[in-house]
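This is what each chain is made of:
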Amino acid sequence: MQPQSFDELSDQLMFINLDITCWSGKKRLTPEDLGLDRAQLPPETLVSLGDKQLIDPETLRAFTSVRSAARRQCLAVGTRFLGGYAIPAPKAQALLRQLDGLGQQYQAACTAFLANFDQQVADWAAQQPPEWQRLIRETALSAEAIGRKLRFAVQAVRFTAPDPAVVNHSGLSQALSGLGGQVLHEIAGVAREALEKSFQGKREVTRRALNPCRAIRDKLDGLSFLDSRFHAVIA
């Protein structure tokens, strides 16, 4: 199939970028934390001491769950593109409403987390062996500083290819030519997971097992203008 130019696709696609950050709850472990002399240790290019966990990972799960849900919502109707997602324009508004709802969940989780931040750090430290609790308590942590690490933002834009008279580069055309294959790769993953979870080794299945098939069809239908091969799969 002859790939379409970006100008041909620009009226049919929206570009969605997810700017969602989640604090890891960790900080780099230093030789001083362990009472070691830096001069007697191998260079950091050879050996790394790793990280120390400063808070219960479960308290951070709400943020990673929302981020994963946002990515799933984008992939349900679109495909990965240029670090974000290419979304069929007719489905963009509904997707943005869903993402706004997830953003509200993220902000609510952030407010609750930061309001009780100091106590959660103290509780986590108290769960550790007494001789190592100082690794947490001596680490300067503030709810304000951690709050700056938590962000949920979504950007939706439309753009066109640059004027060749200004810049001529083949990277965008190469990315466009791979969109069809990218979509097929994504739905293959969904199909494989559905096969393994709902069909393999089972003598009976419920109608619920067809949900992934419907999801695949809906995604391909919305992106059918990208690649003529999609029509056969949809049928």
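Read on for an overview of the structure. Keep in mind that this is a model prediction, so the values were computed, not measured. (Residues numbered from 1 in each chain as written. Predicted model: local features only at pLDDT ≥ 70, side-chain atom pairs only at ≥ 80, totals over all residues. Heavy atoms only, no water.)

**A word on the packing of helix H2 (residues 61-77) against helix H3 (residues 89-115)**
Here's step 1: Look at H2 against H3: their axes get within 9 Å of each other, and the N-to-C directions meet at 175°. One finds that H2 runs roughly antiparallel with respect to H3. Between H2 and H3, the contacting residues are Ala 62, Phe 63, Val 66, Ala 69, Ala 70, Gln 73, Cys 74 and Val 77 on the first element and Lys 91, Leu 95, Gln 98, Leu 99, Leu 102, Gln 105, Tyr 106, Ala 109, Cys 110 and Phe 113 on the second.
Here's step 2: The residue makeup of the contact of H2 with H3, split by class, is 14 nonpolar, three polar and one charged. (Axes fitted to C-alpha atoms, helices over the stretch in contact; angles between N-to-C directions. Helix = DSSP H or I, 4+ residues; strand = E, 2+ residues; numbered from the N terminus. Parallel < 35°, antiparallel > 145°, perpendicular 65-115°, else oblique. Contact = heavy atoms within 4.5 Å. Nonpolar A, V, L, I, M, F, W, Y, C, P; charged D, E, K, R; others polar.)

**Some words on the sheet that holds strand E6 (residues 151-157)**
Here's step 1: In space, the four strands of this open sheet follow the order E4-E5-E1-E6, with antiparallel pairing throughout. What marks the edges here is a single partner per strand, and that holds for strand E4 (79-81) and E6. Pairwise comparison of adjacent strand axes, ignoring direction, gives a mean angle of 35° for this sheet.
Here's step 2: The pairing of strand E1 (residues 13-21) with strand E5 (residues 84-88) spans four bridges and is antiparallel. What sits directly across from Met 14, in E5, is Ile 87. (Pairing = 2+ DSSP bridges.)

**Topic: the packing of helix H8 (residues 179-199) against helix H9 (residues 211-222)**
Here's step 1: Put simply, H8 and H9 touch, their axes get as near as 10 Å, and they point 170° apart. One way to sum up the angle between H8 and H9 is to call them roughly antiparallel. Taken together, the residues of H9 that come into contact with H8 (itself represented by Val 183, Glu 186, Ile 187, Val 190, Ala 191 and Ala 194) are Pro 212, Ile 216, Lys 219 and Leu 220.
Here's step 2: Split by residue class, the contact of H8 with H9 holds eight nonpolar, no polar and two charged.

**Here we look at the environment of Leu 82**
Here's step 1: Relative to the assigned elements, Leu 82 resides in the loop between E4 and E5.
Here's step 2: Ignoring sequence-local partners within four residues, the contact set of Leu 82 consists of Phe 15, Phe 159, Leu 172 and Ala 175.

**Overview of H9**
Here's step 1: With 12 residues, H9 ought to run about 16 Å at 1.5 Å a step, and its terminal C-alpha atoms sit 17 Å apart, in line with that.
Here's step 2: Along H9, the positions that sit buried rather than exposed are Ile 216, Lys 219, Leu 220 and Gly 222. The buried residues of H9 occupy an angular sector of 165° when the element is viewed end-on, so they sit on one face.
Here's step 3: Of the surrounding secondary structure, the elements contacted by the buried residues of H9 are H2, E5, H3, H8 and helix H10 (229-234). (Expected span 1.5 Å × (residues − 1). Buried < 20%, exposed > 50% of the residue type's maximum accessible area, 1.4 Å probe, protein only. Arc of directions from axis to C-beta.)

In short, geometric facts, not functional conclusions.
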